[in-house]
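Residues per chain, in single letters:
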Amino acid sequence: MAEPDSLARPSSTVVRERLIVAAVQEFGEQGYDRARVQDIARRAGLSTGAIYGNFRNKAELLAEAVDYGLAAAGRRLGRALNQGAAPADVLQLVITYHSDPHQRSWAPLVSEALAAARRDGEVARKVHAALHRAEKSLTELAELARQDGSLTADIDPAFCARLVLSVSLGMDVLTSLDVKGPDHGAWTASIHRLFAGLATGPAD
């Protein structure tokens with residue numbers, strides 16, 4: 001008996017996701033320049049034709065991989081909130097997460113995407129859209145932190161979101177260039193002190 005089509009081949013949505021997940025892993029391990037389309041396809045268990053049937057080129061796949069990674073990060077933050085973490089603590093997590101040596105495979109992906117966005121208008125559009133969504137989520141977190149008193153009322157949520165995003169992206173770029181960063185524990189403690197100051201406001 002012939003298999004139903006739904007079992008014989010994955011849907012286009014599943015194919016795209018498999019390719020993007022494979023691209024995240026391949027770009028993270030090899031860097032953008034060394035990553036090969038055929039290796040991404042092989043990692044996904046698909047043909048090279050599947051990539052070109054879904055993406056214009058490797059640069060577009062890179063942009064989609066960054067979008068996917070940022071969306072996954074957003075889901076992690078959402079789970080932290082659902083598990084009872086305070087909004088301000090989640091904002092701190094965004095910054096301290098990127099100083100953890102175990103997360104450094106993500107940094108080259110971001111750095112390469114930012115460089116590709118300067119060369120390719122379509123990649124730039126996708127990367128900008130992904131960053132806009134990330135900043136919007138951070139702004140909403142900062143507003144929640146203002147409401148619960150963990151940020152003072154005079155803190156602009158949009159400013160706080162831009163600060164968090166800028167520091168996170170900056171850490172990614174420096175890490176991708178192998179610039180030695182501060183000790184993760186010391187960095188985390190300093191970020192906690194910074195947010196404690198944002199909670200109390202300036203001294204009289």
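Rules of the game
- Residues numbered from 1 in each chain as written.
- Predicted model: local features only at pLDDT ≥ 70, side-chain atom pairs only at ≥ 80, totals over all residues.
- Heavy atoms only, no water.
- Helix = DSSP H or I, 4+ residues; strand = E, 2+ residues; numbered from the N terminus.
- Buried < 20%, exposed > 50% of the residue type's maximum accessible area, 1.4 Å probe, protein only.
- Contact = heavy atoms within 4.5 Å.
- Areas by Shrake-Rupley, 256 points an atom, 1.4 Å probe, with all protein chains shown as cover.
- Salt bridge = Lys/Arg side-chain N within 4 Å of Asp/Glu carboxyl O.
- Core = buried A, V, L, I, M, F, W, Y, C linked by side-chain atoms within 4.5 Å.
- Patch = residues over 30% accessible without salt bridge, like charges linked within 9 Å, V, L, I, M, F, W, Y side chains within 5 Å.
- Polar contact = N/O pair within 3.5 Å; in protein donor to acceptor, adjacent residues only side chain to side chain.
- Axes fitted to C-alpha atoms, helices over the stretch in contact; angles between N-to-C directions.
- Parallel < 35°, antiparallel > 145°, perpendicular 65-115°, else oblique.
- Left-handed = near helix turned anticlockwise from the far one by under 90°.
- Nonpolar A, V, L, I, M, F, W, Y, C, P; charged D, E, K, R; others polar.
- Expected span 1.5 Å × (residues − 1).

1. Quick word on the overall build of the chain
From N to C terminus, the chain includes 10 helices and 0 strands. Helices and strands appear in the chain in the N-to-C order α-α-α-α-α-α-α-α-α-α. The buried share of the chain, reckoned over its 204 residues, is 41%. The long-range share in the chain, meaning contacts at least 24 apart out of those at least 6 apart in sequence, stands at 69%. Of the roughly 11,400 Å² that the chain leaves accessible, carbon and sulfur atoms contribute 55%.

2. Quick look at the pattern of salt bridges
For the coordinates displayed, the defined rule picks out 15 salt bridges. Residue D39 pairs with R36 through a salt bridge whose shortest N-O separation is 2.9 Å. Between E135 and R162 there is a salt bridge, and its shortest N-O distance comes to 2.5 Å. Highlighted residues: E135 in helix 8 (residues 121–147) and R162 in helix 9 (residues 157–176), separated in sequence by 27 residues.

3. Some thoughts on the nonpolar core
Across soluble globular proteins, nonpolar side chains show a tendency to be buried alongside one another. Ranked by size, the top nonpolar core spans 54 residues in total, and within it F27, I51, L61, L91, L138, L151 and F195 carry the most contacts. Contact partners of F195, with chain neighbours within four places excluded, come to A88, L91, Q92, I95, S150, L151 and V164.

4. Focus on a nonpolar patch on the surface
Where nonpolar side chains cluster on the molecular surface, the patch consists of L174, L177 and V179 and spans about 270 Å² of accessible area. Within the fold, L174 resides in helix 9.

5. Side note on the side chain of T175
With respect to the secondary-structure elements, T175 resides in helix 9. Its relative accessible area of 16% is what places T175 among the buried residues. At 2.8 Å, the side chain of T175 and the backbone oxygen of M171 are in polar contact.

6. Brief notes about the packing of helix 6 (residues 87–97) against helix 9
Pairs of packed helices are described in terms of their axes, by the angle between the two and the distance that separates them. Interhelical geometry of helix 6 versus helix 9 gives an angle of 20° and a closest axis separation of 8 Å. On the basis of the axis angle, helix 6 is roughly parallel to helix 9. Where helix 6 crosses over helix 9, the two elements pack in a sense that is left-handed. Counted together, L91, V94 and I95 of helix 6 and C160, V164, V167 and S168 of helix 9 form the full contact between these two elements. Broken down by class, the residue content of the contact of helix 6 with helix 9 amounts to 6 nonpolar, 1 polar and no charged.

7. Some details on helix 8
An α-helical turn contains 3.6 residues, so any two residues separated by three or four positions project in the same direction. Over its 27 residues, helix 8 extends 39 Å from the first C-alpha to the last, a length consistent with the 39 Å expected when each residue adds 1.5 Å. Taken together, the buried positions of helix 8 are V123, A124, K126, V127, A130, L131, A134, E135, L138, L141, A142 and A145. Lining the buried residues of helix 8 we find helix 5 (58–82), helix 6, helix 7 (106–119) and helix 9. With a side-chain oxygen positioned 2.9 Å from the backbone nitrogen of E122, the residue opening helix 8 is D120.

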